[in-house]
Amino acid sequence: MAEKRRGSPCSMLSLKAHAFSVEALIGAEKQQQLQKKRRKLGAEEAAVAVEDGGCSRGGEKGSPEGDEGNALPPPAGAASGPARSCADLELSCSSRGAAGGCEDGFLQGSSPLASPGGSRKGSPAPALARPGTPLPSPQAPRVDLQGAELWKRFHEIGTEMIITKAGRRMFPAMRVKISGLDPHQQYYIAMDIVPVDNKRYRYVYHSSKWMVAGNADSPVPPRVYIHPDSPASGETWMRQVISFDKLKLTNNELDDQGHIILHSMHKYQPRVHVIRKDCGDDLSPIKPVPSGEGVKAFSFPETVFTTVTAYQNQQITRLKIDRNPFAKGFRDSGRNRKTA
């Protein structure tokens, strides 16, 4: 018994030493396994971070709204490991050194669509043009005179237009085709008639010419004929021929029918105006056409005419009877006289 008692301390010591060595061995293995798991976990989380565009500073990627303080949702492959914040992940990246730096990793893996404004980062968002707004580089409006050949024939002789107290329509009538407008913009189309000079004229029969007879009469009240289809879109105006055949000329200075007031025996020039709607606030039939960047005036030299109360040049009379569809009665009476 005494020997067993004396030997028991040794055996106890050997047992403790054995247990310590086993525990140390197991602890070392556990530490190695734990380090391997940490490395594996860090690599998986880094890969997931690169796939998702990286951890954004300030919570840009944490939620659809990008509110500060929202954390990244844990990836499916890292559910068994401890949750790690963006700051921890950045620290683990920085500890790896220059071989795989955090900045390079996140910038290369981040998507260019991750900017707070929803547009591609580094490039401006494409702006959508609203209907009605002008094009970035709009084409200049162009007006072409229709029936220009007929106008030229009259011009070579010396165009005359009858004016009366009740008002008389023009022949040839002003008819134009417009191009180069913004299809979505609204426009007014108007016409006025302005003096060519400050002279009064008379017709000399023996020479069949118009001669200056003196200074012009006092100015008449301004009148503007606004096309009845105004305002309309540029698309509407460009797909049709615009006619001013309902415009009438008068020498009645007290006219209240909206006719264009002119003096007899004076030379005048018709003008066609293309007016953007936003520049046409002051447009009125009894006021001069407003001026500005949104107002364009067009005129044609062959449309200059002299106002008369009766035709002076017999060539003009014959040409008007031949070409004016409303002069059928004059043509028929002329034929009857010839056959009689």
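Preceding this section is the structure that the text describes.
Note that the structure is predicted; figures quoted are calculated from it, not measured.

1. Structural notes on the packing of aromatic side chains
Phase 1: All told, the structure shown has five aromatic pairs when counted by the stated rule.
Phase 2: Arranged with centres 6.2 Å apart and planes meeting at 85 degrees, the rings of Phe 154 and Phe 171 form a pair that is edge-to-face. Note that Phe 154 is positioned in helix α4 (residues 148-157) and Phe 171 in the loop between β3 (168-169) and β4 (175-179), a separation of 17 residues in sequence. No difference in accessibility class separates Phe 154 from Phe 171, as the two residues are buried.
Phase 3: For Lys 267, the ring lying beneath its charged end belongs to Tyr 201, and the centroid distance is 4.8 Å.

2. Observations concerning the side chain of Glu 302
Phase 1: Mapping Glu 302 onto the fold places it in the loop between β14 (295-299) and β15 (305-308).
Phase 2: The buried charged residue Glu 302 lacks any salt bridge partner; its closest oppositely charged side chain belongs to Lys 152, at an N-O distance of 5.2 Å.

3. Points about the nonpolar core
Phase 1: Core analysis: the largest hydrophobic core is formed by 29 residues, its most contacted members being Met 170, Met 174, Val 176, Ile 193, Phe 244 and Leu 249.
Phase 2: Contributions of two or more residues to this core are made by β1 (142-145), β4, β5 (186-195) and β13 (267-276).
Phase 3: Residue contributions to this core peak at four residues, all from β5.
Phase 4: Leave out the neighbours within four places in its chain, and Leu 249 touches Met 161, Ile 162, Ile 163, Thr 164, Gly 167, Arg 168, Met 170, Ile 193, Ile 260, Leu 262 and Phe 305.
Phase 5: Tyr 188, Ala 190, Ile 275 and Val 295 belong to the second-largest nonpolar core, a separate cluster that totals seven residues.

4. What about the side chain of Asn 313?
Phase 1: Looking at the secondary structure, you find Asn 313 in the loop between β15 and α6 (314-323).
Phase 2: Within the structure, the side chain of Asn 313 is placed 3.0 Å from the backbone nitrogen of Gln 315, a separation counted as a polar contact.

5. Focus: the environment of Ala 216
Phase 1: Structurally, the position occupied by Ala 216 is in the loop between β7 (209-215) and β8 (225-226).
Phase 2: We classify Ala 216 as partly exposed; its relative accessible area is 29%.
Phase 3: For the pair Ala 216 and Lys 267, spaced 51 residues apart in sequence, the C-alpha separation works out to 9.6 Å.
Phase 4: Each residue touching Ala 216, except ones within four places of it in the same chain, is listed here: Asn 198, Lys 199, Arg 200 and His 266.

6. Notes on the pairing of β1
Phase 1: Covered by surrounding structure in β1 are Val 143 and Leu 145 only, the residues Arg 142 and Asp 144 on the alternate face being uncovered.
Phase 2: Examined bridge by bridge, β1 and β4 share four bridges and lie antiparallel to one another. When the sheet's bridge partners are listed, Asp 144 is paired in β4 with Lys 177.

7. Remarks on the layout of surface pockets
Phase 1: Roughly 620 Å³ of internal volume is contained in the largest pocket.
Phase 2: What lines the largest pocket is a set of 24 residues, and nearest its centre among them are Arg 169, Met 170, Phe 171, Asn 324 and Phe 326.
Phase 3: Going through the elements one at a time, α4, β2 (160-162), β3 and α6 are the ones with two or more residues in the lining of the largest pocket.
Phase 4: Take the lining of the largest pocket: its biggest share by element is three residues, from α6.
Phase 5: In terms of residue class, the lining of the largest pocket is built from 14 nonpolar, five polar and five charged.

Reading guide: rules and limits
Residues numbered from 1 in each chain as written. Predicted model: local features only at pLDDT ≥ 70, side-chain atom pairs only at ≥ 80, totals over all residues. Heavy atoms only, no water. Phe/Tyr/Trp six-rings, centres within 6.5 Å; stacked < 30°, edge-to-face > 60°. Helix = DSSP H or I, 4+ residues; strand = E, 2+ residues; numbered from the N terminus. Buried < 20%, exposed > 50% of the residue type's maximum accessible area, 1.4 Å probe, protein only. Lys NZ or Arg CZ within 6 Å of the ring centre and 35° of its normal. Lys, Arg positive; Asp, Glu negative; His and termini not counted. Salt bridge = Lys/Arg side-chain N within 4 Å of Asp/Glu carboxyl O. Core = buried A, V, L, I, M, F, W, Y, C linked by side-chain atoms within 4.5 Å. Contact = heavy atoms within 4.5 Å. Polar contact = N/O pair within 3.5 Å; in protein donor to acceptor, adjacent residues only side chain to side chain. Pairing = 2+ DSSP bridges. 1 Å grid on protein atoms, 1.4 Å probe; cavity = no way out; pocket = protein on both sides within 12 Å on 5 of 7 lines; lining within 4 Å. Points joined across faces, edges and corners; volume = space filled by probe spheres on them. Nonpolar A, V, L, I, M, F, W, Y, C, P; charged D, E, K, R; others polar.

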